[in-house]
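# A structural walkthrough
So the chains spell out like this:
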Amino acid sequence: LRFNEKSYSLYPKRDNFFLKKNIGNFSYDSNINYITSILILLISLEFFIIDFNPYLSAPLDNFHEGSNLVPTVNYIFKKSLWTSTLYDYGLAANSFGIIFWKTKALLTIGSIRFIMIVLLFFNKLLLILICRKISLTLNFDNFVKNIFFLILSLSVLNFSNYEDFNISSYPPRTFIFLLFFLIAIDVLIQINRFNFKSFIVGSFSTLSLLWIDMGFFINAIIMILLIYLVIANDYKKIRYILLGLFTSWFILFIYFPQDEIKELFIQLKFIYSTHDYLAGIEYSRPFSEHSARETRALLLIIISGVYLIILNFNKKINLNYETKIIICFLFISSIIFFKSGLMRTDTYHIKYSSGSYLLVFYFSTLYFIFYQLQYTRFHSALKNFYRKFKTFFLPFVIITSFIFIINLETKNIFKILDFKSNANSLINANDEKYLTDSYKEFLNYYAKISSEDNCVQILTDDVSLPYLLRKPSCTQFFNPALILRGWNEKKFIDQIYKSKPSFILYF
């Protein structure tokens, strides 16, 4: 790469390698561990004082929640995974409730909503740990590093929103992506050191495929990681990553029957080949009418990329090697992950794919602010103030974090005493609570006329009907949007012919 009449190389052994290692120019401060503990305690408190009433009163989302309910019903009745259901999100993403319902013997709409809330909590936890990893590598003094970590963490915690988790920047099912990224960070920055994390990173190649689209993103990132390690001549880590990869695939082939494995690959090929236009909306031309959302997303990615060029190549900034590699890796991941936004191009998908590049944008903006402040009198005054009142720093962190995380206007801290009963109320709530009177009337009528049928087949967006009638879908195609001419319509016809339901719902 040529930049400012100088050349830079991606080959680590050359003198002009732009990711120069300057390990040792920074120190670790135990206060970051204290702040991490405080933040984790506060997001745990936030979780335990959640008001479950909005989840109890919100009507059933027949399509999205149905997509999480019906695959589990199919599994319970048919005792098979891929051969019983064609997954649009993936086995794990469409069937969050299997383990929960098998353990608690529950099959409710509320239990799915509770699982989604728990996954959002894990997203928040993982975001804090990722911010901690990044902040520890900064070449600021310890006090500035602590403040940086606190502000960055409080900023990105809003990426997962309990109030409306369907339009979070990191919605529930992206926790697998965050978990992978957190583990992969150590593999990236600890060159020529083996730890078990290298093996775990390789095993994500198979594990992530249970989330189909996440599997595509994570496997693409694993390939980029392997290419980088080849460039860095770190063959020891490559061996252990490949060992984890091949071991996980071997276990998959050994554990599942041959027909299930065959169907898994058929579904992967189908989804990867058709997902971008299966239910797609054309991405609006930037700066055209009604394209504000799409234009803003692209501009933020471009601005984040420009920030990275400055952070990597500006000699005055002298960013640490570890920080550079983490942020570069996160930016590359964000571009791959943005494929989700291109798939559908609606508010939900663009928002849902924004977390990673927003994290790069927030980090870079915050870093430039702190970098400029360190040469001002304000920084010196703040540092002197910290030295004099160091004992009050952690109480300040607690109070500040509490104000930002625990909004007392919308939350009641005493709800922590009733968490168990409130959670049980949500999990055990009668499904009729989420249905309108007219829908209940329709449901009763349909149940009556189809009483002789052992299965349910719909050709509408109301994919929840098999769950509500407590019958499996007659075919793998519980979601009719997945029936595509030239791909699988003959398979659908064969399956519907064998099941022979008396009624097929279409309206």
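This structure is a prediction, so every number in the text was calculated from the model and none was measured.

### Some words on the overall build of the protein
- Looking only at helices and strands, the protein has 23 helices and two strands in total.
- Relative to the 2.2 N^0.38 estimate, which gives 23 Å for 507 residues, the radius of gyration of the protein is 25 Å and therefore close to what a compact globule would have.
- C-alpha atoms of the protein, sized along the principal axes, occupy 80 × 55 × 50 Å.
- For the protein, with 507 residues in total, the buried portion stands at 55%.
- In the form shown here, the protein has an accessible surface area of approximately 24,400 Å², with 62% of it arising from carbon and sulfur atoms.
- Here the protein holds 50 positive side-chain charges and 35 negative ones, and the gap between their average locations is 12 Å.

### Looking at the packing of helix 10 (residues 213–231) against helix 14 (residues 321–337)
- Between helix 10 and helix 14, whose axes approach to 10 Å, the crossing angle comes to 140 degrees. As for how helix 10 packs across helix 14, the hand of that crossing is right-handed. Where helix 10 abuts helix 14, its residues M214, F217, A220, I221, I224, L225 and Y228 lie against Y321, I325, F329, I332, S333, I336 and F337.
- Here the contact of helix 10 with helix 14 is composed, by residue class, of 13 nonpolar, one polar and no charged.

### Some details on unusual backbone geometry
- For N233, which is not glycine, the phi dihedral falls at a positive 60 degrees.
- Of note, N233 is situated in the loop between helix 10 and helix 11 (235–255).
- Relative accessible area serves as the criterion here: at 23%, N233 is assigned to the partly exposed category.
- Although it is not a glycine, H290 sits at a positive phi angle of roughly 60 degrees.
- Take H290: its relative accessible area is 71%, and that puts it in the exposed class.

### Thoughts on the state of the cysteines
- Within this structure, the stated rule accounts for one disulfide.
- Linked covalently through their sulfurs, C455 and C474 form a disulfide whose S-S length is 2.0 Å. Its S-S torsion of about 95 degrees marks the bond between C455 and C474 as right-handed, since a negative value means left-handed. Taken as a pair, C455 in the loop between helix 21 (437–449) and helix 22 (465–468) and C474 in the loop between helix 22 and helix 23 (489–499) lie far apart in primary sequence, 19 residues in all.

### Side note on helix 8 (residues 175–189)
- With 15 residues, helix 8 ought to run about 21 Å at 1.5 Å a step, and its terminal C-alpha atoms sit 22 Å apart, in line with that.
- For helix 8, a buried count of 14 out of 15 residues is recorded, marking the element as mostly surrounded by other parts of the structure.

### Considering the packing of aromatic side chains
- The full count for this structure, using the stated rule, is 40 aromatic pairs.
- Taken together, a centroid distance of 5.6 Å and an interplanar angle of 15 degrees make the contact between F181 and F329 stacked. Here F181, found in helix 8, pairs with F329, found in helix 14; they are 148 residues apart in sequence, far enough to count as distant.
- According to the relative accessible area criterion, F181 is buried, its value standing at 2%.

### Overview of the packing of helix 14 against helix 17 (residues 355–373)
- At a closest axis distance of 8 Å, the pairing of helix 14 and helix 17 adopts a crossing angle of 145 degrees. Note on packing geometry: the crossing formed by helix 14 with helix 17 is left-handed. Contacts from T323, I327, L330, F331 and S334 of helix 14 reach helix 17 at S356, Y357, L359, V360 and F363.
- Here the residues of the contact of helix 14 with helix 17 are counted per class, giving seven nonpolar, three polar and no charged.

### Looking at the pattern of salt bridges
- Under the definition given, this model contains eight salt bridges.
- Several salt bridges share partner residues, and in doing so they unite K133, D186 and K197 into one network.

### Topic: the nonpolar core
- By size, the foremost hydrophobic cluster in this structure holds 138 residues, and its most contacted members are F52, F148, F363, Y367 and L465.
- Ranked by the residues each element gives to this core, the list is headed by helix 6 (residues 109–136), at 17 residues.
- Aside from chain neighbours lying at most four places away, what touches L465 is Y439, F442, L443, Y446, V456, I458 and L505.
- Listed in part, the 23 residues of the second largest apolar core include I212, L245, F477 and L482.

### Thoughts on the environment of F396
- Mapped onto the elements, F396 comes out in helix 19 (residues 393–405).
- With 330 residues separating them along the chain, F396 and G66 place their C-alpha atoms 45 Å apart.

### Quick look at the side chain of S111
- Residue placement: S111 occurs in helix 6.
- Its relative accessible area of 0% is what places S111 among the buried residues.

### Description of a nonpolar patch on the surface
- A cluster of nonpolar side chains, F287, L299, I302, I303, V306 and I310, forms an exposed patch at the surface whose accessible area comes to about 540 Å².
- Within the secondary structure, I303 sits in helix 13 (residues 292–313).
- What makes I303 partly exposed here is its relative accessible area of 35%.

### Quick word on the side chain of N479
- By the element assignment, N479 lies in the loop between helix 22 and helix 23.
- The class for N479 is buried, based on a relative accessible area of 3%.
- Other than its neighbours up to four places away in sequence, N479 contacts F63, D88 and V463.

### With respect to the environment of I449
- Mapped onto the elements of the fold, I449 is located in helix 21.
- Along the sequence, I449 and F503 sit 54 residues apart, while their C-alpha atoms lie 8.2 Å from each other.

The rules we used
- Residues numbered from 1 in each chain as written.
- Predicted model: local features only at pLDDT ≥ 70, side-chain atom pairs only at ≥ 80, totals over all residues.
- Heavy atoms only, no water.
- Helix = DSSP H or I, 4+ residues; strand = E, 2+ residues; numbered from the N terminus.
- Rg over C-alpha atoms; globule rule 2.2 N^0.38 Å.
- Buried < 20%, exposed > 50% of the residue type's maximum accessible area, 1.4 Å probe, protein only.
- Areas by Shrake-Rupley, 256 points an atom, 1.4 Å probe, with all protein chains shown as cover.
- Lys, Arg positive; Asp, Glu negative; His and termini not counted.
- Charge placed at Lys NZ, Arg CZ, Asp CG, Glu CD.
- Axes fitted to C-alpha atoms, helices over the stretch in contact; angles between N-to-C directions.
- Left-handed = near helix turned anticlockwise from the far one by under 90°.
- Contact = heavy atoms within 4.5 Å.
- Nonpolar A, V, L, I, M, F, W, Y, C, P; charged D, E, K, R; others polar.
- Disulfide = S-S within 2.5 Å.
- Expected span 1.5 Å × (residues − 1).
- Phe/Tyr/Trp six-rings, centres within 6.5 Å; stacked < 30°, edge-to-face > 60°.
- Salt bridge = Lys/Arg side-chain N within 4 Å of Asp/Glu carboxyl O.
- Core = buried A, V, L, I, M, F, W, Y, C linked by side-chain atoms within 4.5 Å.
- Patch = residues over 30% accessible without salt bridge, like charges linked within 9 Å, V, L, I, M, F, W, Y side chains within 5 Å.

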